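# Examination of the molecular architecture
Residue strings, one per chain:
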Amino acid sequence: MRIVKATLIVVAVFIAASVLTRFLISSGIVKAGLESPIGSAAYSGLRHLFPANGMEEAEGLIISATLTLSLLLVSLATWTILKLWHRLFASNP
């Protein structure tokens with residue numbers, strides 16, 4: 001039962017991160033962030049770390065970085081919510 005629950009949580013986290021990534025990219029938040037001085041420096045650093053030649057590879061790099069950050073954010077939020085849930089609603093032995 002624990003394996004099924006853990007698998008469902010992992011799938012739900014991945015779906016939530018994918019939806020968050022799609023929202024961030026389609027709403028223009030990522031583009032606005034890349035046009036800022038900090039975003040430009042981060043993008044230059046990523047291009048030096050992972051060589052991206054051409055426009056399609058650069059777009060793939062941005063999507064991958066956004067998905068990775070979304071996965072980290074959603075995983076952290078899920079972990080925090082589960083810890084609070086267990087602390088508030090766990091039965092005392």
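In this report, the structure presented in the accompanying data block is examined. Remember, predicted model here, so these are calculated numbers, not experimental data.

## Observations regarding a nonpolar patch on the surface
Among the surface-exposed residues, Leu84, Trp85, Leu88 and Phe89 lie close enough to one another that they form a single nonpolar patch of about 500 Å² accessible area. Structurally, leucine 84 can be placed in helix H4 (residues 55-89).

## A closer look at helix H1 (residues 2-26)
In a regular helix each residue adds 1.5 Å, so 25 residues correspond to 36 Å; H1 covers 36 Å between its end C-alpha atoms and thus fits that length. Of the positions making up H1, those classed as buried are Val13, Ala17 and Thr21. Positive phi appears at glycine 28, one or two residues downstream of H1, with a value of about 90°.

## Structural notes on the packing of aromatic side chains
The description of two aromatic rings rests on the distance between their centres and on the angle between their planes. Scanning the entire structure with this criterion turns up 1 aromatic pair. Considering the side-chain rings of tryptophan 85 and phenylalanine 89, the 4.6 Å spacing of their centres and the 55° angle between planes classify their relative orientation as tilted. Taken together, the residues span about one helical turn, with tryptophan 85 and phenylalanine 89 both in helix H4 at a distance of 4 residues. Phenylalanine 89 carries the same exposure label as tryptophan 85, and that label is exposed.

## Looking at the environment of alanine 16
Checked against the element boundaries, alanine 16 lands in helix H1. Placed 40 residues apart in sequence, alanine 16 and glutamate 56 show a C-alpha to C-alpha distance of 25 Å.

Calculation rules
- Residues numbered from 1 in each chain as written.
- Predicted model: local features only at pLDDT ≥ 70, side-chain atom pairs only at ≥ 80, totals over all residues.
- Heavy atoms only, no water.
- Patch = residues over 30% accessible without salt bridge, like charges linked within 9 Å, V, L, I, M, F, W, Y side chains within 5 Å.
- Areas by Shrake-Rupley, 256 points an atom, 1.4 Å probe, with all protein chains shown as cover.
- Salt bridge = Lys/Arg side-chain N within 4 Å of Asp/Glu carboxyl O.
- Helix = DSSP H or I, 4+ residues; strand = E, 2+ residues; numbered from the N terminus.
- Expected span 1.5 Å × (residues − 1).
- Buried < 20%, exposed > 50% of the residue type's maximum accessible area, 1.4 Å probe, protein only.
- Phe/Tyr/Trp six-rings, centres within 6.5 Å; stacked < 30°, edge-to-face > 60°.

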